[in-house]
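Residues per chain, in single letters:
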Amino acid sequence: MNIAVVGAGICGSVMAYECIQLGHNVTVFEQDMSKQSCSFTAAGMLAPMAELESANTHVYELGLRSLALWPNIISHLTKQNHAVFYRDSGTLVLAHKQDANSLSQFHDVLQRKLGNFNESVSVVDPRIIEPELINFHSALHLKQEAQVDSHQVLNALHNVIGNQGELRLSRVDSVACHHVNGEYFDWVFDCRGLAAKQEVNLYGVRGERILLHAPEVNIQHMIRVMHPKYKLYVVPREDYHFIIGATEIESADDGPMSVRSALELLSAAYSVHKGFAEARIVSLNTGVRPTRLDHQPVVDVKGGLTRINGLYRHGYLLTPALVEQALTAELFTKACGQQLVTH
Ligand SMILES: Cc1cc2nc3c(=O)[nH]c(=O)nc-3n(C[C@H](O)[C@H](O)[C@H](O)COP(=O)(O)OP(=O)(O)OC[C@H]3O[C@@H](n4cnc5c(N)ncnc54)[C@H](O)[C@@H]3O)c2cc1C
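Residues numbered from 1 in each chain as written. Predicted model: local features only at pLDDT ≥ 70, side-chain atom pairs only at ≥ 80, totals over all residues. Heavy atoms only, no water.

Regarding the side chain of Gln 296
Keep this limit in mind: Only DSSP runs of H or I covering at least 4 residues are called helices, and only runs of E covering at least 2 are called strands; the numbering of each starts at the N terminus. Categorising residues by exposure relies on relative accessible area from a 1.4 Å probe, with only protein chains included: less than 20% of the type maximum marks a residue as buried, more than 50% marks it as exposed, and the intermediate range marks it as partly exposed. Counting of polar contacts relies on pairs of N or O atoms within 3.5 Å, with two restrictions inside protein: one atom must be capable of donating a hydrogen and the other of accepting it, and residues adjacent in sequence are counted only when both atoms are side-chain atoms. Between two residues, a contact is recorded if the distance between any of their heavy atoms is within 4.5 Å.
If you trace the backbone, Gln 296 turns up in the loop between strand S18 (280–291) and strand S19 (298–302). Looking at Gln 296, the relative accessible area reads 14%, which means it is buried. A polar contact is formed between the side chain of Gln 296 and the side chain of Asn 56, at a distance of 3.5 Å. Not counting the four nearest positions on each side in its chain, Gln 296 is found in contact with Asn 56, His 58, Val 59 and Gly 310.

This is the structure:
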C-alpha cells in the first residue's frame, strides 16, 4: 500500500520503519529535522516497572510488550550498519538514608499494583552491583528494564526511511482519512505528537534534562533516586556520558531550562556521586510531552487514518507495542488484504 506517516518523532519513525519491513511504500512528512522534537530530548529509558510509581498496569503491560519487541528492531538496524546503543542491565532504585521511607513506599506500590513480582525485582546492596555508589545501602534492582540511545535510534530509523522510503521535509497543514495536504494515500498514520492537540485533546507536560560528560563516574545501571518531592534519574550512556533528569511541569513552554531546575538537577546528581562535580555540561534540553488528561496513550483507527498519540513520558517505552497494535487493527489489515486482491 502507499502509506503516509506524519511526524518523524519516535512514534512516526518506528511506524514508518515497520511499514517498510512489511513491504509498503512509505512517505514520511516531517516539518523540522533539526532534532528539536520531544523524541530527541528523551532519556530513552524502557522502564515499565519504575514508571509504575505513577503509571497504571495498562502502561506496564504495553511496556513489557515493547521490551520484548525492541531487541528485534535494534538487531535489524545493526544488521543494516546502524549501530544503536541498547543496554538491558536494569534499573537500581535507591534512596538516601533520610528518605528510606520513599523506597519502601515504592516497594508497596509495586506490591499493590503487581501482586507477585519477586522474579523481576531483587532487594540488593547497591554497592555490590555499582561499587561507586558508596552513599547508598539498600536498593531495588528492577532486572528487566533497558535503555536505548534516543538520538542514535532516531538517526538510524531516519536513515532507513530515507533509503528505503521517502522522508519529505515538509509541514503538513491537513491530515484526514486517506489524505495528507490533499494528496491521496491508501492509509495515513498521524504521529504529530502535541501538534495534533485539537484532534486528540492533548496538553503539554514540560520535561528537562542535562547531558553530562563525567569521566570520574563509573556507573553502568540506570539509577532512580526516590525522594518525597524531588525524584532523580541518571541514565549512563556510552563513553562516560550521563543523562540527568527529573522535573515535570504542566506547561507547553519549551523555552530554555531555568536556573532553579539546573541547580536542583546538578545538586541531586552530585549527591549520588561526587565525581559529577568535575563533569562537563554537554547540553541542557527541554521538551514538551504530548499528554492526554488520563495520561493514557491512544490508538484511534478509522477507515484510511490511524492516530497514535498521548505518549506522555513513555514514548520509547510504548511505541513498539502501540505500532504493533495499529498494524494489526482489523480495519488496517482488511485494507491491506483488499489492496492485495485488486493488484
Ligand atoms: C526530558 C524528557 C525525558 C523523556 N524521557 C523518556 C524516557 O526515558 N523514556 C520514554 O519512553 N519516554 C521519555 N520521554 C517521553 C518521550 O520523549 C515522548 O513520549 C515522545 O517523544 C513522544 O513521541 P511522539 O513521536 O509522539 O512525538 P514527538 O517526538 O513530538 O514527534 C512528533 C513529530 O511530528 C512533527 N510534526 C508535528 N506537526 C507536524 C506537521 N504539521 N507537519 C509535519 N511534521 C509535524 C514534529 O516536528 C515532531 O518531529 C521523555 C520526554 C522528555 C521531555
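Comments concerning the domain arrangement of the chain
Heads up, the rule is: What fixes the domain bounds is an automatic or database domain assignment. Here the quantity called buried area is the total loss of accessible area, with a 1.4 Å probe, experienced by two parts when brought into contact, counted for both. Salt bridge, as used here, is a side-chain nitrogen of Lys or Arg placed within 4 Å of a carboxyl oxygen of Asp or Glu.
Domain annotation of the chain identifies domain 1 (1–87 + 147–200 + 296–343) and domain 2 (91–143 + 203–291). For domain 1 versus domain 2, the distance between C-alpha centres works out to 27 Å. With 31 residues of domain 1 at the interface, the matching set in domain 2 holds 33 residues. Regarding the contact of domain 1 and domain 2, the summed buried area is about 2700 Å², with carbon and sulfur atoms giving 61% of it. Area buried by domain 1 at its contact with domain 2 is led by Met 49, Glu 53 and Tyr 312, which between them contribute 24% of it. At the boundary of domain 1 and domain 2, one finds three salt bridges. Applying the counting rule to domain 1 against domain 2 returns twelve residue pairs in polar contact (both at pLDDT 80 or more). Listed by contribution, the elements that provide at least two residues to the side of domain 1 that touches domain 2 are helix H2 (38–41), helix H3 (57–79), strand S8 (146–148) and helix H6 (150–164). Here the side of domain 1 that touches domain 2 gets three residues from one element, more than from any other, and that element is H2.

Observations regarding helix H4 (residues 100–114)
Structural remark: α-helix, 3.6 residues per turn; residues separated by three or four positions point the same way. Spelled out, the test is: The length a helix should cover is 1.5 Å for every residue beyond the first. Taken from the helix axis, the directions to the C-beta atoms give the arc we talk about.
Look at H4: 21 Å from first C-alpha to last across 15 residues, which is about the 21 Å you get at 1.5 Å a residue. Residues Ser 102, Leu 103, Phe 106, Val 109 and Leu 110 constitute the buried set of H4. Buried residues along H4 cover an arc of 110 degrees about the axis, so they all sit on one side. Residues of H4 that are exposed and angled more than 90 degrees away from the buried face: Asn 101 and Arg 112. Its buried side turned inward, H4 meets strand S5 (91–95), strand S6 (121–124), strand S7 (139–142) and strand S15 (222–226). Positioned one or two residues after H4, Gly 115 has a phi angle of 70 degrees, which is positive.

Side note on the sheet that holds strand S10 (residues 175–176)
For clarity, the cut-off: Whether two strands pair depends on DSSP finding at least two bridges between them.
Within the open sheet, the three strands sit side by side as S10-S11-S12. Their pairing is antiparallel. Two strands bound the open sheet, and with one partner strand each, they are S10 and strand S12 (183–184). Pairing between strand S11 (residues 179–180) and S12: two bridges, direction antiparallel. Paired with His 179 across the two strands is Tyr 184, which belongs to S12.

Remarks on the nonpolar core
Our working definition: Residues belong to one nonpolar core when they are buried, are Ala, Val, Leu, Ile, Met, Phe, Trp, Tyr or Cys, and are joined through side-chain atoms within 4.5 Å.
Counting residues in each nonpolar core, the largest one holds 49 residues, and the members touching the most others are Val 5, Met 15, Trp 70, Leu 77, Val 153 and Phe 189. The contact partners of Met 15, leaving out residues within four places of it in the chain, are Val 5, Phe 189, Ile 308, Val 323, Ala 326 and Leu 327. By size, the runner-up hydrophobic cluster in this structure holds 26 residues, among which are Phe 136, Leu 212, Phe 242 and Leu 265.

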